[in-house]
Amino acid sequence: MTTSETSNLSRPQRANKGLRKSEGSKEGISPLTKKYWHQRYRLFSKYDQGIQMDEEGWFSVTPEETAIKHAQRCSDHDLVIDSFSGVGGNAIQFAAKGCHVIAIDIDPVKVELAMNNAKVYGVEEYIDFIVGDFFALAPSLKGDIVFLSPPWGGPSYKDIQTFTLELLKPIDGYTLFQVTQAITPNIIMFLPRNINLKQVPELSWLSSPPLELEVEPNYIQNHLKGVTLYFGSTVAASPRCSTDADDLV
Ligand code: ADP
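Residues numbered from 1 in each chain as written. Predicted model: local features only at pLDDT ≥ 70, side-chain atom pairs only at ≥ 80, totals over all residues. Heavy atoms only, no water.

**Student:** So what's going on with helix 6 (residues 89–96)? Which residues, and what values?
**Tutor:** Counting buried residues along helix 6, seven of its eight residues qualify, which places the element largely inside the surrounding structure. Looking at helix 6, one finds that the buried residues are Gly89, Asn90, Ala91, Ile92, Gln93, Phe94 and Ala95. A positive backbone phi angle near 105° is found at Gly98, which sits one or two residues after helix 6. (Buried < 20%, exposed > 50% of the residue type's maximum accessible area, 1.4 Å probe, protein only. Helix = DSSP H or I, 4+ residues; strand = E, 2+ residues; numbered from the N terminus.)

**Student:** Any details on the packing of aromatic side chains? Residues and values, ideally.
**Tutor:** According to the stated counting rule, one finds 11 aromatic pairs in the structure shown. Ring geometry for Tyr41 and Tyr47: centres 6.4 Å apart, planes at 90°, overall edge-to-face. Assessed through its relative accessible area of 39%, Tyr41 is described here as partly exposed. Judged by its relative accessible area of 5%, Tyr47 falls in the buried class. Taken together, the ring pairs in this structure connect Tyr41, Tyr47 and Trp58 into an aromatic cluster. (Phe/Tyr/Trp six-rings, centres within 6.5 Å; stacked < 30°, edge-to-face > 60°.)

**Student:** Give me the lowdown on the site of the ligand, citing residues and values where you can.
**Tutor:** The environment of the ligand is made up of 17 residues, and the closest members are Asp105, Phe134, Trp152, Gly153 and Gly154. With respect to the ligand, the side chain of Ser60 contributes an N or O atom lying 3.1 Å from an oxygen atom. Burial of the ligand by the surrounding chains reaches 89%, relative to a free accessible area of 570 Å². According to the grid-proximity analysis, the pocket containing the ligand is the largest pocket. (Near = heavy atom within 4 Å. Polar contact = N/O pair within 3.5 Å; in protein donor to acceptor, adjacent residues only side chain to side chain. Areas by Shrake-Rupley, 256 points an atom, 1.4 Å probe, with all protein chains shown as cover. 1 Å grid on protein atoms, 1.4 Å probe; cavity = no way out; pocket = protein on both sides within 12 Å on 5 of 7 lines; lining within 4 Å. Sits in = over half its atoms within 2 Å of the grid points.)

**Student:** Before we move on, could you go through the confidence of the model for the protein and cite the residues and values that matter?
**Tutor:** Model confidence for the protein is summarised by a mean pLDDT of 87, while 84% of its residues fall at 70 or above. Note that pLDDT drops below 50 for residues 1–25; the model gives that stretch 54 contacts with residues more than four away or on any other chain. Ignoring residues within four places in sequence, the model shows residues 239–249, a span with pLDDT below 50, making 27 contacts including any to other chains. (pLDDT = per-residue confidence, 0-100. Contact = heavy atoms within 4.5 Å.)

**Student:** Report on the environment of Val227, specifying residues and quantitative values.
**Tutor:** Locating Val227 in the fold gives a position in strand 7 (residues 223–231). Classification of Val227 as buried rests on a relative accessible area of 0%. Put simply, Val227 and Ile195 are 32 residues apart on the chain and 7.6 Å apart in space, counted from C-alpha to C-alpha.

**Student:** How would you explain the layout of surface pockets if you had to name every residue and give the values?
**Tutor:** Counted as a void, the largest pocket has a volume near 980 Å³. In terms of lining residues, the largest pocket is bounded by 48 residues, among which Glu56, Phe59, Ser60, Val61 and Ser149 are the most central. For the lining of the largest pocket, the leading source of residues is helix 4 (residues 55–60), giving five residues. A breakdown of the residues in the lining of the largest pocket according to their chemical character gives 21 nonpolar, 15 polar and 12 charged. (Points joined across faces, edges and corners; volume = space filled by probe spheres on them. Nonpolar A, V, L, I, M, F, W, Y, C, P; charged D, E, K, R; others polar.)

Take a look at the structure:
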């Protein structure tokens, strides 16, 4: 496991009053994140074994069941780049599946938390952690698969009727995809449940011939939590494409 720029990191914020003492003692918990704390075992089944989060991490970590599905698309020893790795939910599952992972996040606190969480799962030696800007690093990266869970703009994405690719942060989804394609055509992209599915095929058309594409709705206990796009022959195992948003939402 390697990392850069991880020294002198501030600790994640301590929790606050609106919670019972036992709950409030958990790191990263605020009134805003309390509802996510109640789902903690869906985010990390080993939560009680020392998982650490910050407030943003609670909003943005992929539920473990979904991260396991993503990881099932890679094979032993694949090199997977997790471009916006956050507190490590996806990187951990890729590593647990036997892949080697390069986990990148621009926020050094997130990288510290992800390193801790990888240790909880016993997979830290399979992950190289990098503090950095994915867009700056991309031209020098090589990998078999790139996993993208770019910022959705926090929980407010839920208030938007149709989430378009232009709303992804820090740069629109088309530009993100083009930058990523220069690394590999095998791309897994995890997007909000209200993503505009009519735009999705446009991403595969950025290549010639168009990339294989599979669209997977991700349900947790019958609730649609997100949509995963699998591009390229390595990860789009059973290509099927729905462009009708009503199929999912
Ligand atoms: P959301 O909007 O879905 O809540 P976040 O804002 O938490 O998502 O962003 C997801 C992760 O991506 C965060 O951990 C954040 O630090 C990281 N991130 C944001 N921009 C970049 C970037 N340019 N390169 C690498 N990581 C980034």
